[in-house]
Amino acid sequence: MQIKINDVLKAYIEPLTEAEHAALERSLLAEGCRDALVLWDDILVDGHNRYAICQQHGIPYKVIQNTTFKSMEDVMLWMIDNHLGRRSVSDFQRGVLALRKKDILAQRAEEMAARTQAEDAAIAPPEPDHEVPVAPKVRTSREDIARAARLSTNTISQIEKIQKTATPELVEAVRTGTISINAAATVATLPPEDQVQAVAGGKKFLQQAAKEIREQRAASRPPKPAKPAPWEDGGEPPSLPSQPLTEVEHLRAEVAQLKEKNAALRAENAELRERIAQLVDAS
């Protein structure tokens, strides 16, 4: 069988880095191609890198057919789920794949709703006691996507921002681990030319750029309004001042307490002297 390469499917999954490709090549040369290539008829679905390396070095390989695919979307969903289950896939790659799955499922849901509406309009209304079948709910919320990718909803939002506003250079930097997802989402708010310049500056420059952007945001935020005191909502005012005492006020309060204690001691001392005098006179 002549295996066909579909360029869309080949590019659908993030390519291996140079280090990952070299490691796979060493493994195939040492141990052979242990995992079979997956085909949809004569189209290669899974194993593009293995197939290319085996062809280059004449390494034997096996193929299996997946007969469950009915459309290109089925193939893509299978590829996404297959890669989401692999431990070697980075957080950024898992987020990208999960968002692709969300788009496919959302498109399918829209098409199903449109098709159902058209079918309902073409037939007579059902009898009152006839149960109308309900289309299964498609889970495409941000929480569902984050759960499928094993990421937080915040990380999914950051990856969406990177996909929408980041330059190819910045995307490549986060894909290869030069910059974190969080920092890349921050740098992606810069104009494209500034993003390219930041990537060209290297890892430390990118980190510094993200830090400066966060500091500028923090400085531009309006101060939070003070929380109203309980008595401002109708409660009783406190007996002590609501503002914390300064150091000088603390010292003054301590001096006043010491004066009170000193006066009490003097009174107690005078009383004791008087009692002693009375005892001396009595004797």
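Because the structure is predicted, anything quoted here is derived from the model rather than measured. (Residues numbered from 1 in each chain as written. Predicted model: local features only at pLDDT ≥ 70, side-chain atom pairs only at ≥ 80, totals over all residues. Heavy atoms only, no water.)

## Focus: the layout of surface pockets
Volume-wise, the largest pocket comes out at about 1,000 Å³. Along the walls of the largest pocket sit 35 residues, with Leu16, Leu24, Asn49, His83 and Arg86 positioned nearest its centre. Mapped by element, the contributors of at least two residues to the lining of the largest pocket are helix H1 (7-10), helix H2 (18-31), strand S2 (43-46), helix H3 (48-57), helix H4 (72-84) and helix H5 (91-122). Tallied by class, the residues present in the lining of the largest pocket amount to 17 nonpolar, 9 polar and 9 charged. (1 Å grid on protein atoms, 1.4 Å probe; cavity = no way out; pocket = protein on both sides within 12 Å on 5 of 7 lines; lining within 4 Å. Points joined across faces, edges and corners; volume = space filled by probe spheres on them. Helix = DSSP H or I, 4+ residues; strand = E, 2+ residues; numbered from the N terminus. Nonpolar A, V, L, I, M, F, W, Y, C, P; charged D, E, K, R; others polar.)

## Quick word on the packing of aromatic side chains
For the coordinates displayed, the defined rule picks out 3 aromatic pairs. Ring geometry for Tyr51 and Tyr61: centres 5.7 Å apart, planes at 80°, overall edge-to-face. Within this pair, whereas Tyr51 is found in helix H3, its partner Tyr61 is found in the loop between H3 and strand S3 (63-65), the two being separated by 10 residues in sequence. Judged by its relative accessible area of 11%, Tyr51 is buried. Where Phe69 meets Trp78, the ring centres are 5.9 Å apart and the plane angle is 75°; that geometry is what we call edge-to-face. Relative accessible area serves as the criterion here: at 8%, Phe69 is assigned to the buried category. With a relative accessible area of 26%, Trp78 lands in the partly exposed category. Clustering of aromatic rings is evident, with ring pairs tying together Trp40, Phe69 and Trp78. One residue, Arg100, lies across the ring of Tyr12, its end atom 4.9 Å from the ring centre. (Phe/Tyr/Trp six-rings, centres within 6.5 Å; stacked < 30°, edge-to-face > 60°. Buried < 20%, exposed > 50% of the residue type's maximum accessible area, 1.4 Å probe, protein only. Lys NZ or Arg CZ within 6 Å of the ring centre and 35° of its normal.)

## Quick word on the pattern of salt bridges
Under the counting rule described, the total for this entry stands at 13 salt bridges. A salt bridge links Lys101 to Asp81; the shortest N-O distance between them is 2.9 Å. Note that Lys101 is positioned in helix H5 and Asp81 in helix H4, a separation of 20 residues in sequence. Beyond isolated ion pairs, a larger network of salt bridges with shared partners links Glu14, Glu172 and Arg175. (Salt bridge = Lys/Arg side-chain N within 4 Å of Asp/Glu carboxyl O.)

## Thoughts on the nonpolar core
Ile162, Leu170, Ile179 and Val187 are the most contacted members of the largest nonpolar core, which totals 26 residues. Listed by contribution, the elements that provide at least two residues to this core are H5, helix H6 (142-149), helix H7 (153-165), helix H8 (168-175), helix H9 (181-187) and helix H11 (203-220). By residue number, the principal contributor to this core is H9, which donates 5 residues. Ignoring anything within four residues of it in the chain, the contact list for Val187 reads Leu170, Ile179, Gln195, Ala198, Leu206, Ala209, Ala210 and Ile213. By size, the runner-up hydrophobic cluster in this structure holds 17 residues, among which are Tyr12, Ile13, Met76 and Leu77. (Core = buried A, V, L, I, M, F, W, Y, C linked by side-chain atoms within 4.5 Å. Contact = heavy atoms within 4.5 Å.)

## Some details on H5
Two residues of an α-helix separated by three or four positions point the same way, owing to the 3.6 residues in each turn. Taking 1.5 Å of rise per residue, the 32 residues of H5 would be expected to cover 46 Å, and the 47 Å separating its terminal C-alpha atoms lies within 8% of that figure. Within H5, burial applies to Phe92, Gln93, Arg94, Gly95, Val96, Leu97, Ala98, Leu99, Ile104 and Leu105. Of the surrounding elements, those touching the buried residues of H5 are H4, H6, H7, H8 and H9. (Expected span 1.5 Å × (residues − 1).)

## Some thoughts on the pairing of S2
One ladder, built from 3 bridges, connects strand S1 (residues 37-40) with S2; its direction is antiparallel. Within S2, the position partnered with Leu39 by the bridge is Leu44. (Pairing = 2+ DSSP bridges.)

## Here we look at the sheet that holds S1
Across a sheet, paired strands are connected by hydrogen bonds in the backbone, their directions being either parallel or antiparallel. Sheet architecture is open: 3 strands sit in the order S2-S1-S3, paired in mixed fashion. Taken across any chain shown, the strands that pair with only one partner, and hence form the sheet edges, are S2 and S3. On average, each strand axis in the sheet is tilted by 45° relative to the strand beside it, whichever way the strands run. Lying over the sheet, H3 contacts S1 and S2, oriented at roughly 120° with respect to S2. (Axes fitted to C-alpha atoms, helices over the stretch in contact; angles between N-to-C directions.)

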